[in-house]
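Okay, here's what each chain looks like letter by letter:
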Amino acid sequence: MEKKLFGVMPPIITPFKNNEELDLPALKANFARWNQTGLSGYLVLGSNGEAVYLSEKEKDAVLAASREAIPADKILMAGTGQESTRATIEATRRAAQLGADCALAVTPCYFKAQMTPPRLAAHFKRVADGSPIPILAYNFPQATGVNMGPELVAELAEHPNLIGIKDSSGIVNQFSSILQSTADGFKAFVGNAEVFYPALCLGAAGGILAVANVVPEICVEIYETHRAGNHEKARRLQWKMARLAALVTRIHGVGGLKAAMRMAGYQSGGVRSPLAMPGAEATKELEAEYRKVKAG
């Protein structure tokens, strides 16, 4: 892959309008704003994009619209993970045809008790073998109940088409071990903004962060100030946005993220059932924290 993987990428939301229909004009309007920031790219059809609730036709439409709206110098990473290896390969090939630069594949999890390290290794290697674009593994044990340990990740990193991982576990010592056990060319992204700065200190390539949908400038500033060696400022920025990051992920989920995006002037719409938007008290909490972050 010619483009370099680095920096901050939001796992973008999928806007919906009335009756939970796709709102592609709203998606493109969001990209128009995001593109004015220092974001290095985007994850399309990730967990925060409610990809598990989209049909294959809808996924293709979102990818096509995203490719039209994303500049050539920014990464388009497509979420293509499915429960079967065969379906993941098919989804990845479709994403490549629609212009994705690389793909992110989450661990299969329905038969989680049988997803042993050897079976996961075989799955990801087959996906990488069958993919025309580079693959990153996605570790999200809070949602899947499946955790990819450092030994498994180190084995995957030896495959030439398995180029990185998004680790959303938030387990800093595990992330450190992953970095220690993989070669320099393997790109480890942190997916939990609450530990973004610590992950950068350990050597993360960047962050794929839900809160970057809402406050991309602050997330990019943390990355850039860390790279510049201004660690005191980077720490202050991390503490500044940490609570908002928690609210739009583990506390209020995708509904909270979409509510915060509305506060920031983005077009998000509601969520697709059975998810729900936050109630009045949660919305009030989100608004107070958002205003606090923006106030500096």
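Definitions and limits used
Residues numbered from 1 in each chain as written. Predicted model: local features only at pLDDT ≥ 70, side-chain atom pairs only at ≥ 80, totals over all residues. Heavy atoms only, no water. Phe/Tyr/Trp six-rings, centres within 6.5 Å; stacked < 30°, edge-to-face > 60°. Helix = DSSP H or I, 4+ residues; strand = E, 2+ residues; numbered from the N terminus. Buried < 20%, exposed > 50% of the residue type's maximum accessible area, 1.4 Å probe, protein only. Lys NZ or Arg CZ within 6 Å of the ring centre and 35° of its normal. Pairing = 2+ DSSP bridges. Axes fitted to C-alpha atoms, helices over the stretch in contact; angles between N-to-C directions. Right-handed = clockwise from strand over helix to strand, strands pointing away. Expected span 1.5 Å × (residues − 1). Contact = heavy atoms within 4.5 Å.

1. Focus on the packing of aromatic side chains
Item 1. Taken as a whole, this structure holds six aromatic pairs when the rule is applied.
Item 2. An angle of 85 degrees between the planes, with centres 4.9 Å apart, marks the rings of Phe31 and Tyr42 as edge-to-face. Here Phe31, found in helix 1 (residues 24-34), pairs with Tyr42, found in strand 2 (residues 41-44); they are eleven residues apart in sequence, far enough to count as distant. The pair Phe31 / Tyr42 is uniform in exposure class, with both members buried.
Item 3. Summarising the aromatic geometry, the rings of Trp34 and Tyr42 are spaced 5.9 Å apart at their centres and angled 40 degrees between planes, so their arrangement reads as tilted. Across this residue pair, the class does not change: Trp34 and Tyr42 are buried.
Item 4. Of the aromatic side chains, those joined through ring pairs into one cluster are Phe31, Trp34, Tyr42 and Tyr266.
Item 5. Against the face of Tyr266 rests Arg33, its NZ or CZ located 3.9 Å from the ring centre.

2. As for the sheet that holds strand 3 (residues 75-79)
Item 1. Read from one edge to the other, the open sheet built from eight strands follows the order 1-8-7-6-5-4-3-2, with strand pairing classed as parallel. Only two strands of the sheet have a single partner each, and these edge strands are strand 1 (7-9) and strand 2. The mean inter-strand angle of the sheet, taken between neighbouring strand axes irrespective of direction, is 25 degrees.
Item 2. Across three bridges, strand 1 lies against strand 8 (residues 206-208) in parallel orientation. Along strand 8, the bridge assignment pairs Met9 with Ile208.

3. Remarks on the pairing of strand 4 (residues 102-106)
Item 1. Here strand 4 lies mainly inside the structure; four of its five residues are buried.
Item 2. As a crossover connection, the stretch from strand 3 through helix 3 (residues 85-97) into strand 4 is right-handed.
Item 3. Crossover handedness for the path strand 4 to helix 4 (residues 117-130) to strand 5 (residues 135-139): right-handed.

4. Topic: helix 10 (residues 231-251)
Item 1. Under the 1.5 Å per step criterion, the end-to-end length of helix 10 is 28 Å for 21 residues, consistent within 8% with the ideal 30 Å.
Item 2. The set of residues buried in helix 10 consists of Ala234, Leu237, Gln238, Met241, Leu244, Ala245, Ala246, Leu247 and Val248.
Item 3. Those residues of helix 10 that are buried lie in contact with helix 8 (196-202), helix 9 (216-227), helix 11 (253-263) and helix 12 (280-295).
Item 4. In the stretch just after helix 10, Gly253 is the one whose phi turns positive, near 65 degrees.

So, to be careful, I would describe these as geometric facts and stop short of saying anything about function.
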